[in-house]
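Structural features, examined
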Amino acid sequence: MSKPLKDHICEENLFSSIFRKYSKDLHDFLYYKFGSQLNPQDKMQEAFVKLWENCAKIPQDKAKSFLFTTANNLMLNEFAHQKVVLKHRKILTKNSTNINPEFLLQEKQYRAKLEKAIAGLTEAQRVAFLMNRVEGKRFKEIAALLDISTKAVEKRIYGALKKLRKDIEEL
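Attention here is on the structure that accompanies the text. (Residues numbered from 1 in each chain as written. Predicted model: local features only at pLDDT ≥ 70, side-chain atom pairs only at ≥ 80, totals over all residues. Heavy atoms only, no water.)

1. Some points on the environment of His81
We count it as follows: In this text, helices come from DSSP runs of H or I with a minimum length of four residues, and strands from runs of E with a minimum of two, each type numbered from the N-terminal end. Think of it in three bands: with a 1.4 Å probe and only protein chains considered, a residue is buried below 20% of the maximum accessible area for its type, exposed above 50%, and partly exposed in between.
Assignment of secondary structure puts His81 in helix H3 (residues 63-97). Take His81: its relative accessible area is 44%, and that puts it in the partly exposed class. The spacing of His81 and Arg165 is 84 residues in sequence and 38 Å in space, taken between C-alpha atoms.

Here is the structure:
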């Protein structure tokens, strides 16, 4: 009696056999199409992760197509991202060559003042302020992490801002 074919590839042995069967071909495809600059090995592995995450939806006979399409799209997305990074790097380089030394000195002095002022905050104010302004966390998130009320977070951050404004006139 023959075993019926599975509709999906969530079984570990089946997935492993698909990995062994297609991983080298997929890597080579990505390498030859895009080169080594965009990490074809990483994108190949990422494609297999996506295959595993969607294993219940993908029939065995569509696995190869899914892998190659996903990996190709990952590489295209990475390529587009690198173009944006390069564009911004060019803009920054162009702008940085036009900056005068006096401005750079003022910026350095301002940064030193700001760091000194932040160091002068109470620990509670500094933690709440940095979590909000640097890490981008909302008041509710900070309150949950610090196990305090949202009002306490607000008070700490507004107190920190008031002290920073006092310590640094330029703010």
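2. Some words on the nonpolar core
What counts here: Among buried residues, those of type Ala, Val, Leu, Ile, Met, Phe, Trp, Tyr and Cys that are joined through side-chain atoms within 4.5 Å constitute a nonpolar core. We call two residues in contact when some of their heavy atoms are within 4.5 Å.
In terms of nonpolar packing, the biggest core is built from 21 residues, with Ile9, Ile18, Leu26, Leu30, Phe48, Leu51 and Leu67 touching the most fellow members. Looking at this core, the elements with two or more residues in it are helix H1 (12-34), helix H2 (40-53) and H3. Considering every element that reaches this core, the biggest residue donor is H1, with seven residues. Residues within four places of Leu30 in sequence aside, it is in contact with Gly35, Pro40, Lys43, Met44, Ala71, Asn72 and Met75. Grouped together as the second largest cluster of nonpolar side chains are 15 residues, Ala117, Phe129, Met131 and Leu161 included.

3. Considering the pattern of salt bridges
Counted only if it meets this: Salt bridges, as used here, are contacts in which a Lys or Arg side-chain nitrogen is within 4 Å of a carboxyl oxygen on Asp or Glu.
All chains considered together, the criterion is met by five salt bridges. Across the salt bridge formed by Lys43 and Glu78, the nearest N and O atoms sit 3.7 Å from each other. Here Lys43, found in helix H2, pairs with Glu78, found in helix H3; they are 35 residues apart in sequence, far enough to count as distant. Across the pair Asp167 and Lys163 runs a salt bridge whose closest N-O atoms are separated by 3.3 Å. Taken together, the positions of Asp167 and Lys163, both in helix H7 (residues 150-167) and four residues apart, correspond to about one turn of that helix. Judged by relative accessible area, Lys163 falls into the partly exposed class, the value being 31%.

4. Quick look at the packing of aromatic side chains
The test is simple: A pair of aromatic rings is counted whenever rings of Phe, Tyr or Trp (Trp by its six-membered ring) have centres within 6.5 Å, and the orientation is called stacked for planes under 30 degrees apart, edge-to-face for over 60 and tilted otherwise.
Evaluation of the coordinates by the stated rule reveals six aromatic pairs. Relative to Phe68, the ring of Phe29 has its centre 5.3 Å away and its plane inclined at 55°; by these criteria the two rings are tilted. One end of the pair, Phe29, is in helix H1; the other, Phe68, is in helix H3, with 39 residues separating them in the sequence. Phe29 gets classed as partly exposed once you look at its relative accessible area, which sits at 31%. Seen in terms of ring centroids, Phe139 and Tyr158 are 6.2 Å apart; in terms of plane orientation they differ by 80°. Their pairing is edge-to-face. Placement of the pair is Phe139 in helix H6 (residues 139-146) and Tyr158 in helix H7, with a sequence separation of 19 residues. On the basis of relative accessibility, which here comes to 49%, the residue Tyr158 falls in the partly exposed class. The structure contains a cluster of three or more aromatic residues connected by ring pairs, namely Phe15, Phe19, Phe48 and Trp52.

The quantities given are spatial measurements derived from coordinates; they are silent on function.
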